Amino acid sequence: MEIVFQRPKALSDVSSHYCPGCTHGIIHRLVAEVLDELDLTGKTVGVAPVGCAVLAYNYFECDMAQAAHGRAPAVATGLKRANPANIVFTYQGDGDLAAIGTAETVHAAARGENITIIFVNNAIYGMTGGQMAPTTIPGQITQTSPYGRDPKYAGFPLKICETLSTIDGTAYAERVSVDSVKNVINAKKAIKKAFEYQSAGKGFTIVEVLSTCSTNWGLEPVEALTWLRENLIPYYPLGIYKDKEVF
């Protein structure tokens, strides 16, 4: 019998704590598949954030560290500098990376730290009840913007890939999505490229993944995918924003 689909070896055989319809599970699998394909699991250290993915250390069969809220890039910097032969990645949400962790992210890129960031952007604070995040788009309703985000009062969303692409130390920055089969395939290619760049010592890499939050968006899972496609992707266009080997 030919096996055509199975759990990646780098993905732990445990039950998930994520909400039904949450796309964190898809992204976890993509990371694990890449670790398997590049044979990196035994030399990889992941850094878990604070947020919905706070338990990420339960799901990967590589070494994992836990960082305080927003400090994952700083922890990853220490891990990489202590043992440059390791592959080090952080797995962070928009509140962790783009709010309390903005400085750590920007300065890790400015230093050209040879680490990889998997940035999950669902435009809302998930774990703490659905507050407005730095990436909440104009007009989006959240617990703290019940009439929709108004840029006159709350400012404009941060566009992380666009921002980090202007920094010399960034080697690779791409925004992807997991709302369709095609986009899931492209997301895996981007994650694989980021790990390959780190393996080659090219510098700071980040893959931003547009994701859903059915629970706090107040939508059924399929409706959430549609909302992502119709609202987040137009505001946060997919594509490569920085690739030092190409442009």
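The preceding data block contains the structure.
Residues numbered from 1 in each chain as written. Predicted model: local features only at pLDDT ≥ 70, side-chain atom pairs only at ≥ 80, totals over all residues. Heavy atoms only, no water.

J.: Could you give an account of the packing of aromatic side chains, naming the residues involved and the relevant values?
T.: A full pass over the atoms with the stated rule returns six aromatic pairs. Aromatic pair phenylalanine 89 and phenylalanine 195: ring centres 5.8 Å apart, planes at 75°, arrangement edge-to-face. Of this pair, phenylalanine 89 sits in strand 3 (residues 87-93) while phenylalanine 195 sits in helix 7 (residues 181-199), and the two are 106 residues apart along the sequence. The buried category is assigned to phenylalanine 89, whose relative accessible area is 0%. A centroid spacing of 5.2 Å and a plane angle of 80° characterise the contact between tyrosine 235 and tyrosine 236, whose relative ring orientation is edge-to-face. According to the relative accessible area criterion, tyrosine 235 is partly exposed, its value standing at 22%. Members of the aromatic cluster, joined through ring pairs, are Phe60, Phe89 and Phe195. For the cation-ring pair, lysine 159 lies above tyrosine 235, with the distance from its terminal atom to the ring centre recorded as 4.5 Å. The lysine or arginine in question, lysine 202, covers the ring of tyrosine 197, its NZ or CZ lying 5.4 Å from the ring centre. (Phe/Tyr/Trp six-rings, centres within 6.5 Å; stacked < 30°, edge-to-face > 60°. Helix = DSSP H or I, 4+ residues; strand = E, 2+ residues; numbered from the N terminus. Buried < 20%, exposed > 50% of the residue type's maximum accessible area, 1.4 Å probe, protein only. Lys NZ or Arg CZ within 6 Å of the ring centre and 35° of its normal.)

J.: How would you explain the pairing of strand 3 if you had to name every residue and give the values?
T.: For strand 3, the tally of buried residues reaches six of seven residues, placing the bulk of the element in the interior. Looking at chain direction, strand 1 (residues 44-48) and strand 3 are connected through four bridges and run parallel. When the bridges of strand 3 are listed, glycine 46 appears paired with phenylalanine 89. In terms of strand pairing, strand 3 meets strand 4 (residues 116-121) through five bridges, oriented parallel. Residue glutamine 92 lies in a different strand from strand 4, and its bridge partner there is phenylalanine 119. (Pairing = 2+ DSSP bridges.)

J.: Tell me about the pattern of salt bridges, and please be specific about residues and values.
T.: Applying the stated criterion across every chain, the model contains twelve salt bridges. In this structure, the salt-bridge partner of aspartate 179 is arginine 229, at a minimum N-O distance of 2.7 Å. Here the residue aspartate 179 occupies a position in the loop between strand 5 (170-177) and helix 7, and arginine 229 occupies one in helix 9 (residues 221-235), the gap between them amounting to 50 residues. A residue is classified by how much of its surface remains accessible, and aspartate 179, at 7% relative accessible area, is buried. (Salt bridge = Lys/Arg side-chain N within 4 Å of Asp/Glu carboxyl O.)

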